Structures are given as C-alpha cells and as structure tokens.
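Chain and residue survey
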Amino acid sequence: MADPDLSSPLLPSQPSDPPHLILTVHDSVSHNNNSNNRESCINHNRQNSHHNNGNSISVSSRENPYEFLGSKGLEVCGSSTVDPFLNKTGRIEGLYEWLKLVVCLPIAAARLVLFGVCLLIGFLATKVALHGWKDKQSPMPVWRSRIMWITRISARCILFSFGYHWIRRKGKPAPREIAPIVVSNHVSYIEPIFYFYELFPTIVAAESHDSIPFVGTIIRAMQVIYVNRFSPPSRKHAVNEIKRKASCDRFPRVLLFPEGTTTNGRILMSFQLGAFLPGYPIQPVIVHYPHVHFDQSWGNISLAKLMFRMFTQFHNFMEVEYLPVVSPLTNHKESAVHFAKRTSHALATGLNVIQTSHSYGDLMLLMKAIESKQEKPSSYMVEMAKVQSLFHISSLEAVDFLDKFLLMNPNPSGCVKFHDFLKVLRLKACTLSEEIFSFIDVEKSGTITFKQFLFGSAHVMKLPLFRQACELAFAECKTGGNDYILEHELENLIRPAIPDLNADEVSELFNLFDSDSDGEISKDDFNTCLRKNPLLIAVFIPCLLQKGLLETCDRMLEEVV
C-alpha cells in the first residue's frame, strides 16, 4: 500500500470550474452524520449498579419516573471533543516569539499610529458621505458611494497596519445579478474589513455593533441590516430586508456570516438560515489564515490581545477564495435547511474541515463556564444546534440550565454527584430521588454531566403530557377554591413521594416554587418553577396516582399518540 499523502485533503475537492459556474452540491455525504450520531447515543435503559461516596444506589431495578408522561427512556449522544473557539496560540511561548515581539515593538507603535490615522480618515469621509442623507431605506446615491471609496481605501490601509501587506485571492466575485448574496466562514474581525474594502456589501450584524465608536458610523454607511438573534420579530424583519435588498440590483450584495460568530477556522459550525430563506443564488467565499507561530482566530482571546499580537508580527497571511455560485434547486421546491446544507458542504469542502452542530449558543455556554472559573469550560458545550433541533429549546434556556447546574458544585471534570444534585433541587435521598438521578445518569457512573442534565431536563419538558401534568398537579394542590397554593397544601401533595420530609425541607421546596416570595404559589409561579426545574414534576406523580388522575394522563397520551 502506498504511504499516505499528508497533503491530500480530508474532503474531496471540487474540480476547477469556469468563472461563475452554478454549482449543485448534493447532500448525500451529509447523511452519514445522522447515522454516526445515532450510533454514539447511549440508551438510558442499560442496567447495572453504582456506589457514590458511600451512598449506595442500586439501579438494576430503577424505574423510569417519567414513563407516565410518555417517556421511553433518555438518550444522550456522546460529547464532541472539538472546541471550535480554541485559539492555540493564546499565550506567547517560545524564545522566537518573545524575540519577535521585542523586535517588532517599534513597528507595532508605527502600525498603531497608521491604524488610528486611517480609522479617523475613514470615519470623517463616512460622515461626509452620510451628511444630509435622509432616505436610508433606498440605495445609496452614486456620488455618496464614490465618497465612500476614501473609507474603503482606508480599510485596506488598516489591513496593512495589521500586517496583511498582501492578500492572496483565488477566483473572483460573481456579478451581483448572478449572486446577490455572499456567505463566508468567520474567523476574525479581519474578514468584515476585507469585504468592506473588496465588495462594499450590505451586511447583517448584531444591533450592538451600532454603538461601537467610529465603526458604528462606518457600518451604517453599508446600509446594515440589524438583527437581534434572540428576538423572533427581529429575525423575521432581517429576513425580509435581506430579500428586499437582494432583489434590487441598485443595492450592493448582501453579506452574511451564517455561523453567527467567529471560530478558530478548523471546523465549520451549523448555519443560521437567514441567508437561505429568501431563495436567491449564493456565492460562498472561504477565508484561510495560514500560520505557524500565531493563530489569528478570534476565539477565546480578547480583542485587545489579538490586535497586539497582530501588530507584533512581521507579516500575517490571508487567503480568500471565491467558490462557484450555489443556486436553489429548480426541479423542485427546496427548503432553506436543505439549501443551507448544500452550501455549508461546499464551504467545508473548500476549507477541508469537518462540520459540527455547534452554534452561537455553545459560545454562550463556554463564556458562562469561563466566567464561573470552571477548569474545563469546553466540556460544557453541547452542540446547541443539535439540542435545538431535538428539543426546541433556546440558547438562553440552555444558559439558564447551566446556571442551575453550576450551583451543583461540579468537580474539575465537570461532573455532579448525587447529594449536590439533590441539594440544588431541594430534594432528599429517597427512592424517587434515586430514580430521577438514575434517569439522567445514562452511563451509570454515579455522576452526571451538564449535557446529561440538559438533555434530561429538555427531554422531560418536551414529553407529550408535561404541560397537562403541570396543570393537573396545580389543580390538585390548591384547595378551598383559591388560585394559589399554600405551604401545607404543597406538603400534602408531595408527602406520598418523599414521606420523611421535615418542616425545614418542605419550606425550602416551597420557597423554590414561590419565586416572588409572597408566601403563595400562584399558577405562574408553579409553571415557571417546573419549566426551570422540569425534573421536579416527578415528585407529584405518587399523589396523582393515588387520586386516580393519571388515568386522565393516560387518555391524553392515547389521544396524542
């Protein structure tokens, strides 16, 4: 057998195509991911036993405490070992790097001055171009666009100040009438500066960018489409604006970074669908930053440190490749999801990287773990795109679950023990508590990870009868015609599940439900608590069972099925 060629690509590359060739990328290779994911899943129903710090918990006969809600057990897919945000040269290490830093300090000072001067010139030119322009919903007049060339040249000089003395290009931009939308991978803050100079596109950006000094004014001249990623109305408005501006040749191209945030460039994250919903042809563009000593990605490194490292390099390499246009399939109506998959595969093939289900939500989880000083913050990423697809929970909800998990005092490996789990959920050791813990401890190791806790909680919330069970439990708790639950009423309902609760433990559980601390649990309090702690619905099962109310659940489940 011939020796393997280390330079050969991991993914098959497309043959060279004529300029502006319309590329059709079939998604057959992407189907392998699903089968691999299924094979890596671990079924909750495996039976064995474990011991946890002297607390012996036999799980050989553990029952599923959520079976009455329609659960058939929990599956948690294996965690990815890939960290899409890891900058491998975050620290200055090695004699060569320190010597280079010392030698380049005077150069860095000159570059900083050049950066400041160019930014100021670009800002002033932009102010002139925008002065008196009121109808900003229409395309920018030609004479104003010509003034913006001063800012565009300033942007190229800014790239020069960062060490990008020359930029290698492969291919060329397709005419706007062929591909009105451009998508690109996102590795650093350098790409928006380059595209501003090269294409002067309309970009889609977070609303927070508008308040950045100097930069906010410049991107307004690009007729930016602002979006709040956590607001459905804002996302819908952004899609409508993308469609409106892409459909009019008088507007510039629309540029999007569908990953939604920067990565280290060694993987391609899941795509947001904003660029693909309008259904226009798209030109993918890939950006490489070849390096040996300095990783230029804006991952888990501060902006100030990244800029300083760029200023203290002799030269920074950047390669841009314009790929063939990807068009929606014309023989049948293609969904935005399928269109995004074909485009992402084209980008991943060009970059020669793997595709993962990470998303901006994973960055939020990573930042939360770093903020709480966890030893292995990357272990708290869960590939949020996959989680959202399976359970329909948002990134903000996942962060809330992480807040709850961090209160459980995870060990350096990111695992939580049984007694810490009970303490945060205000439970005590009993048969039901052991069943709840065993339900999410799919590996039967005596500890749970954040991914298991998140999957377990989200799984319970998604069950067909979860909401109905919450309604029945609240209705059974309140007595005397009141629309609220008092402490003794809650105690009566949960006593069959946890018989030996003392008064203090009942009060702690009551306070968990009484979110506004008014001494009463309203229906909103009750439902809010169970949405934040869905595993607690199990404590109401024995009482509902005794009252015969689970027959109602069974009938509802039959109707759902």
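Rules of the game
Residues numbered from 1 in each chain as written. Predicted model: local features only at pLDDT ≥ 70, side-chain atom pairs only at ≥ 80, totals over all residues. Heavy atoms only, no water. Phe/Tyr/Trp six-rings, centres within 6.5 Å; stacked < 30°, edge-to-face > 60°. Helix = DSSP H or I, 4+ residues; strand = E, 2+ residues; numbered from the N terminus. Buried < 20%, exposed > 50% of the residue type's maximum accessible area, 1.4 Å probe, protein only. Lys NZ or Arg CZ within 6 Å of the ring centre and 35° of its normal. Pairing = 2+ DSSP bridges. Contact = heavy atoms within 4.5 Å. Disulfide = S-S within 2.5 Å. Salt bridge = Lys/Arg side-chain N within 4 Å of Asp/Glu carboxyl O. Core = buried A, V, L, I, M, F, W, Y, C linked by side-chain atoms within 4.5 Å. pLDDT = per-residue confidence, 0-100. Axes fitted to C-alpha atoms, helices over the stretch in contact; angles between N-to-C directions. Parallel < 35°, antiparallel > 145°, perpendicular 65-115°, else oblique. Left-handed = near helix turned anticlockwise from the far one by under 90°. Nonpolar A, V, L, I, M, F, W, Y, C, P; charged D, E, K, R; others polar. Polar contact = N/O pair within 3.5 Å; in protein donor to acceptor, adjacent residues only side chain to side chain.

Some remarks on the packing of aromatic side chains
- Counted according to the given criterion, the structure contains 27 aromatic pairs.
- Between F123 and F214, the ring centres sit 4.9 Å apart and the planes meet at 80°, which makes this aromatic pair edge-to-face. Residue F123 is found in helix 2 (residues 95-130), and its partner F214 is found in the loop between strand 8 (202-206) and helix 5 (215-220); the two are separated by 91 residues along the sequence.
- With relative accessibility at 17%, the residue F123 sits in the buried group.
- Residue F214 is classed as partly exposed on the basis of its relative accessible area of 36%.
- An angle of 80° between the planes, with centres 6.0 Å apart, marks the rings of F513 and F540 as edge-to-face. Residue F513 is found in helix 17 (residues 503-513), and its partner F540 is found in the loop between helix 18 (523-532) and helix 19 (541-546); the two are separated by 27 residues along the sequence.
- Ring-pair connections join several aromatic residues into one group, and the members of that group are F115, F162, Y189, W298 and F311.
- The cationic tip of R152 hangs over the ring face of W149; the distance from NZ or CZ to the ring centre is 3.8 Å.

Structural notes on the pairing of strand 12 (residues 282-288)
- Burial runs high along strand 12: six of the seven residues are buried.
- Pairing geometry for strand 7 (residues 181-184) and strand 12, over four bridges, is parallel. Residue pairing for strand 12: S184 is matched across the bridge by V285.
- Pairing of strand 12 with strand 13 (residues 319-322) involves four bridges; the strand directions are antiparallel.

Quick word on unusual backbone geometry
- Unlike most non-glycine residues, H392 shows phi in positive territory, near 60°.
- Of note in this structure, N409 is not a glycine but carries a positive phi near 60°.
- Looking at the element boundaries, N409 is found in the loop between helix 11 (395-406) and strand 16 (415-417).

Section: helix 7 (residues 303-311)
- Residues L306, M307, R309, M310 and F311 constitute the buried set of helix 7.
- Packing partners of the buried residues in helix 7 comprise helix 2, helix 3 (142-161) and helix 4 (190-198).

Describing the state of the cysteines
- Per the counting criterion, the structure on display carries zero disulfides.
- No disulfide involves C529; its nearest neighbouring cysteine sulfur is the one of C470, lying 9.7 Å away.

Description of the pattern of salt bridges
- Following the criterion strictly, the structure yields 15 salt bridges and no others.
- Residues R309 and E97 are paired through a salt bridge, measuring 3.0 Å at the closest nitrogen-oxygen approach. Placement of R309 in helix 7 and of E97 in helix 2 is noted, with a sequence separation of 212 residues between them. With respect to burial, R309 and E97 carry one shared label: buried.
- One network of salt bridges, with partners in common, ties together E97, K100 and R309.

Some details on the nonpolar core
- Among the nonpolar cores identified, the biggest contains 75 residues, and F421 and F540 are the most heavily contacted of them.
- Counting residues per element, this core draws most heavily on helix 14 (residues 450-462), at seven residues.
- If we skip the residues at most four places from it in the chain, F421 touches M408, V416, I436, F437, I440, I448, F453 and L535.
- Listed in part, the 46 residues of the second largest apolar core include V182, I219, M307 and V320.

So, the confidence of the model for the protein
- Per-residue confidence for the protein averages 84 on the pLDDT scale, and 85% of its residues sit at or above 70.
- When the criterion is pLDDT under 50, residues 13-19 qualifies, and its contacts beyond four places in sequence or with other chains add up to five contacts.
- In the model, residues 24-61 has pLDDT below 50 throughout and makes 61 contacts with residues more than four positions away in sequence or in other chains.

A few points about the packing of helix 15 (residues 466-477) against helix 18
- Their axes nearest at 10 Å, the elements helix 15 and helix 18 cross at an angle of 140°. The angle between helix 15 and helix 18 falls in the class oblique. As helix 15 runs across helix 18, the sense of the crossing is right-handed. Contacts from F466, C470, E471, A473 and F474 in helix 15 reach K523, F526, N527 and L530 in helix 18.
- Split by residue class, the contact of helix 15 with helix 18 holds six nonpolar, one polar and two charged.

Digging into the environment of K532
- Residue position: K532 is located in helix 18.
- Separated by 75 residues in sequence, K532 and S457 place their C-alpha atoms 8.6 Å apart.
- Setting aside residues no more than four positions away along its own chain, K532 makes contact with F401 and K404.

Thoughts on the environment of L490
- The topology assignment puts L490 in helix 16 (residues 487-494).
- With a relative accessible area of 0%, L490 lands in the buried category.
- The sequence separation of L490 and F540 amounts to 50 residues, and the corresponding C-alpha distance is 9.6 Å.

Here we look at the environment of P258
- Tracing the sequence through the fold places P258 in the loop between strand 10 (254-256) and strand 11 (267-268).
- Residue P258 is classed as buried on the basis of its relative accessible area of 4%.
- A sequence separation of 18 residues divides P258 from F276, and the C-alpha atoms of the two residues are 9.4 Å apart.
- In this structure, P258 is in contact with V183, S184, S270, F271, Q272 and F276, ignoring residues within four places of it in sequence.

Quick look at the side chain of N185
- Along the chain, N185 turns up in the loop between strand 7 and helix 4.
- A polar contact is formed between the side chain of N185 and the backbone nitrogen of V287, at a distance of 2.9 Å.
- If sequence neighbours within four positions are ignored, N185 has contacts with E191, F257, E259, L268, V285, I286, V287 and L351.

Some thoughts on the packing of helix 12 (residues 418-425) against helix 13 (residues 431-440)
- Helix 13 packs onto helix 12 with a crossing angle of 110° between their chain directions and a minimal axis gap of 11 Å. In terms of axis orientation, helix 12 runs roughly perpendicular to helix 13. Crossing hand, helix 12 versus helix 13: right-handed. Facing F418, F421 and L422 of helix 12, the residues of helix 13 in contact are S433, E434, I436, F437 and I440.
- Of the residues belonging to the contact of helix 12 with helix 13, the class tally is six nonpolar, one polar and one charged.

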